[in-house]
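Descriptive structure summary
Listed below, chain by chain, are the residues.
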There are 2 protein chains.
Amino acid sequence: MKYDKFFSADVPSFMRSPVREIFKKVDLSAIYSFAGGYPDAATFPIEDIRRISAQVLEKYGAKALQYGATQGVPELREVIARRYGVPVENVQITTSSQQGIDVCTRVFVDPGDVILTTAPTYLGALQSFKSYRAAVRTLGTGDALPPDRRIKFCYVIPDFQNPSGETMTLEERKKLVAMAREQDFLIVEDSPYRELRYSGEPVPTIYSLAPERTIHLGSFSKIFAPGFRLGWMLGPVELLDQIYVCKQSLDLCPPILDQYMAAEFMGSGALDANLQKSIALYRTKRDKMLSLLEQYMPQGVSWTHPEGGLFLFLNLPDGFDTVALYDRALSAGVAYVAGSFFYPDGSHRNTMRLNFSFLDASRMEAGIKLLAEVINQK
Amino acid sequence: MKYDKFFSADVPSFMRSPVREIFKKVDLSAIYSFAGGYPDAATFPIEDIRRISAQVLEKYGAKALQYGATQGVPELREVIARRYGVPVENVQITTSSQQGIDVCTRVFVDPGDVILTTAPTYLGALQSFKSYRAAVRTLGTGDALPPDRRIKFCYVIPDFQNPSGETMTLEERKKLVAMAREQDFLIVEDSPYRELRYSGEPVPTIYSLAPERTIHLGSFSKIFAPGFRLGWMLGPVELLDQIYVCKQSLDLCPPILDQYMAAEFMGSGALDANLQKSIALYRTKRDKMLSLLEQYMPQGVSWTHPEGGLFLFLNLPDGFDTVALYDRALSAGVAYVAGSFFYPDGSHRNTMRLNFSFLDASRMEAGIKLLAEVINQK
């Protein structure tokens, strides 16, 4: 039986995540992987979770297992509102911050509409944008827009970007806000790593600079545990209201027990205690990674110096092709993600993304050594 | 600031769920509500959940909190495959069976494409279909199709339908399958209530009759707890593969701890033990509801006699308008959902859906008495 005739016109634009495809092919534990965006499992507050799970079932009983409000359970919305200093009606809980990206695209974008992004940018966002046949254009390049189409929103990850690790300065944020106001588009500020700062000073969020036209996406994946698939959105009520209606038909409501647990974790101070430990651990890992790159990488290779987050970005000399190099690296036992996957146009084939949160120090050293050898052998 | 210009062309077709809007307006615990589709909280296996939650954290540790496969954790897919007698590659876990409906529409339907449904049908499905601007047509009426458009799929709830409570006979299922094969469309078989049968004999699933063109949607909401927001899809691998790619950008993967808990609950036999208790409880409630309707409803009112599920459907004499009657019912302290909301064309304003799973026997009696008075006063 042939199935192609049943698919919608969007389907040919679906992109398979090369990261997720790598995970299907290889046993991660058998190689040195800098490919994923996995937090270090040592940061997962298992004891807190055990305790909180029992507490929440005791405190809320059946309510923690029943259907709940589409906007999220009030307790979680309130804790988030308090933490980030916004009214509770500006908070919508999402079933993962990936859903936040997807629902923004669904609610704002028709095929051919323009989304501005930085280049490189988050692969999962590109997957979503392309799946709705958006016209993705690079911020700041002044690329011509398709005729009769408007920019619907600009998507940025201002803090410790995935994949580059870089942080937008206050001036860059203000410039983007001015541009958004002048050209009248929205800003989707994806902020999963913001709380993971290891050095330098926090920069104000774009949401704080332009609350009237920004949707800020937060995530529990890097400050609690990714397995909970919980995130949040801060934004103007007029926008959140349509997102709320859309979310009714997407999944009715986010998981309830998980939301109560996240609320308890964040509200009780356990999150902040755990976050301090995570930051200390990741700071050490980032520093280790930077010194290993110094030690092993050949002349001509350069990399970013992130102040936080989980990733840094490597530039190899012109002529290198990290997509072509990939199978050799895998055979040697080391994995990365080719940088070109993060460029809307697939360019920059001499770059790669390296994650520094997942491997422990000794495996990190063995992996970087191997990777340097693969690059040297080219 | 005006926001309308930012919305996609789909947004004007978004429908607010009248059920969810009711829940925002009234305090459910203060009235007699037959409106929701809430399971009886007494069926929630709180003790099992407490035990299993600790067990799963002990057994899987950090793995239960990390990112996982987009198809779902292997343990849960295997338990479901075993229970329903299908190969594991035909199983995709969904973040709620509502997501199953939505992702089918996303992957199969372009604006103007035809979806066949029964009338009445599940409101959350209509919300999703309309949000993608599908042309919804009623099965069996021979309504003319839009020019140059094909039927992409037929959506049915063959067992104890929401809202009618009715079950398709084997002959009706075979006839639908024959029609789907002849006219070459898919069937989406939504099956959240199938395991809740209180009398009569099970009828084979449509998926078992036409596995090559059916996507079967299962749900943990009525056999475990709705708060987990977990469901599954059974279907041809060629279709599941595109749904898998779509799901990468929807939410990466379903909640992990929740999936391990559901796998343990289903795989250990705890689900079947709990199901027997739920069935016994709901059988009593259904019987009570039917006898209360006999006792209190005026001449000329008729209703369905479901063999399972959570709902039955009331027909009032011509001239009654349950939408208009609704505010009076609420003031009197009783809630239902007007039946016309379940009709794609909004017709049948003399019908209403009543849930019999949520209220206990004495509240059920008080509620039906009140409802009969409201109808009598008309």
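Not measured: the values here are computed from a predicted model.

**A few points about the pairing of strand 7 (residues 214–219) of chain B**
Residues and elements named next belong to chain B. Where burial is concerned, most of strand 7 is hidden: six out of the six residues are buried. Going residue by residue along strand 7, you find T214, H216 and G218 tucked away on one face and I215, L217 and S219 tucked away on the opposite face as well. Bridge analysis of strand 7 against strand 8 (residues 231–234) gives four bridges, and the strand direction is antiparallel. The residue bridging G218 from the neighbouring strand is W232, located in strand 8.

**Describing the sheet that holds strand 10 (residues 311–315) of chain B**
Residues and elements named next belong to chain B. Across the sheet, which stays open at both edges, the four strands sit in the order 9-10-13-12 with antiparallel pairing between neighbours. If you trace the sheet from one side to the other, it starts and ends with strand 9 (302–303) and strand 12 (337–338), each paired once. Pairing of strand 10 with strand 13 (residues 351–355) involves five bridges; the strand directions are antiparallel. Its bridge partner being in strand 13, L312 is matched across the sheet by L354.

**A closer look at the interface of chain B and chain A**
Of the residues lining the interface, 65 residues belong to chain B; the matching set on chain A comes to 65 residues. Ranked by residues supplied to the side of chain B that touches chain A, first place goes to helix 8 (residues 237–251) of chain B with nine residues. Here the residues of the side of chain B that touches chain A sort into 35 nonpolar, 19 polar and 11 charged.

**A closer look at the pairing of strand 2 (residues 91–94) of chain B**
Residue and element names in this part refer to chain B. Residue alternation in strand 2 divides its side chains into two sets, V91 and I93 and Q92 and T94, and both sets are buried. Pairing geometry for strand 2 and strand 8, over four bridges, is antiparallel. Bridge pairing in strand 8 links V91 to L234.

**Observations regarding the domain arrangement of chain A**
Residues and elements named next belong to chain A. Per the domain assignment, the segments making up chain A are domain 1 (4–44 + 272–377) and domain 2 (66–268). A C-alpha centroid distance of 24 Å is found between domain 1 and domain 2. Facing the 30 residues of domain 1 at the interface are 33 residues of domain 2. Looking at the side of domain 1 that touches domain 2, the elements with two or more residues in it are helix 10 (270–296) and strand 10 (311–315).

**Looking at helix 3 (residues 74–84) of chain B**
All names here are of chain B. Within helix 3 the residues assigned to the buried category are L76, R77, V79 and I80. The arc that holds every buried residue of helix 3, seen down its axis, measures 165°, which confines them to one face. Looking one or two residues past helix 3, G85 carries a phi angle of roughly 65°, positive in sign.

**Remarks on the nonpolar core**
In globular proteins that are soluble, nonpolar side chains generally tend to be buried together. Formed by 214 residues in total, the largest nonpolar core has its most connected members in A:F153, A:A262, B:F153 and B:A262. For A:A262, the residues in contact, after removing those within four places along its chain, are A:L76, A:F220, A:F224, A:F228 and A:L230.

**A short note on the sheet that holds strand 5 (residues 151–156) of chain A**
Within a sheet, adjacent strands bond to each other through the backbone by hydrogen bonds, running parallel or antiparallel. Residues and elements named next belong to chain A. What the seven strands build is an open sheet, ordered 2-8-7-6-5-3-4; its pairing is mixed. Taken across any chain shown, the strands that pair with only one partner, and hence form the sheet edges, are strand 2 (91–94) and strand 4 (135–138). Here the average twist between neighbouring strands, direction ignored, is 25°. Bridge count between strand 3 (residues 114–117) and strand 4: four bridges; the pairing is parallel. Within the sheet, the bridge partner assigned to L116 lies in strand 4 and is R137. Contacts between helix 6 (residues 170–183) and the sheet are confined to strand 5 and strand 6 (186–190), with strand 5 contributing the most and set at about 170° to the helix.

About the thresholds
Residues numbered from 1 in each chain as written. Chains lettered and ligands numbered in written order. Predicted model: local features only at pLDDT ≥ 70, side-chain atom pairs only at ≥ 80, totals over all residues. Buried ≥ 20, exposed ≤ 12 C-beta atoms within 10 Å, placed from the backbone. Helix = DSSP H or I, 4+ residues; strand = E, 2+ residues; numbered from the N terminus. Pairing = 2+ DSSP bridges. Contact = placed C-beta atoms within 7 Å. Nonpolar A, V, L, I, M, F, W, Y, C, P; charged D, E, K, R; others polar. Domains from an automatic or database assignment. Arc of directions from axis to C-beta. Core = buried A, V, L, I, M, F, W, Y, C linked by C-beta atoms within 7 Å. Axes fitted to C-alpha atoms, helices over the stretch in contact; angles between N-to-C directions.

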